[in-house]
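Below are the chains, spelled out letter by letter.
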Amino acid sequence: MSCYQGLTSAGDCACLPVAGEGASLFIIGAVITLVLFVFFGLIYSILVATIAGQRIWQRHYHILAKMMLTKEYVVEDVDGLATDSNWSPPPLPPEHVEQLKALGLL
């Protein structure tokens, strides 16, 4: 039976899936589906927030460990070269200079 054959005298189509008793079942199903999506969304958001918090804490701990190591290993100028105002680092080898120029870094 097509919708054209099921027209009532008022012109309403009686064969739509939301007409009559099916409407309440449809609405109940939609609400249950919505509640399930919200529930699983909350579970997923808690999981993602936990993972993000762990990554933030891990990075923070890594930075703190680096700070502790920098305090532990102090560099001292044993030759006394850095106190001279004319001091400069030794020149780079020519092959390193060529590689840096090829990469556009020099």
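Above this note sits the structure.
Below is a short write-up of the structure. Because the structure is a prediction, the values reported are computed rather than measured.

So, on to the overall build of the chain. Check the secondary structure of the chain and you find two helices and zero strands. Expressed as a percentage of the 106 residues in the chain, the buried residues total 3%. For the chain, the accessible area works out to roughly 10,000 Å², and carbon and sulfur atoms hold 69% of it.

Judged by how many residues are buried, helix H2 (residues 94–103) sits mostly at the surface: zero of 10 residues are covered. Once H2 finishes, Gly104 follows within two positions and takes phi at roughly 80 degrees, a positive value.

Quick notes on the rules
- Sequence order as written defines residue numbering, which begins from 1 separately in each chain.
- Per-residue local features are limited, in this predicted model, to residues with pLDDT of at least 70; the limit for side-chain atom pairs, both in listing and counting, is 80 or more; totals at the level of whole chains, interfaces and linings are taken over all residues.
- Calculated side-chain values reflect all of the structure's heavy atoms, with hydrogen atoms and water omitted.
- A helix here means a DSSP run of H or I that spans at least four residues, while a strand means a run of E at least two residues long, and both kinds are numbered starting from the N terminus.
- Think of it in three bands: with a 1.4 Å probe and only protein chains considered, a residue is buried below 20% of the maximum accessible area for its type, exposed above 50%, and partly exposed in between.
- In short, Shrake-Rupley with a 1.4 Å probe defines the accessible areas, and a residue's cover is counted only from the protein chains shown.

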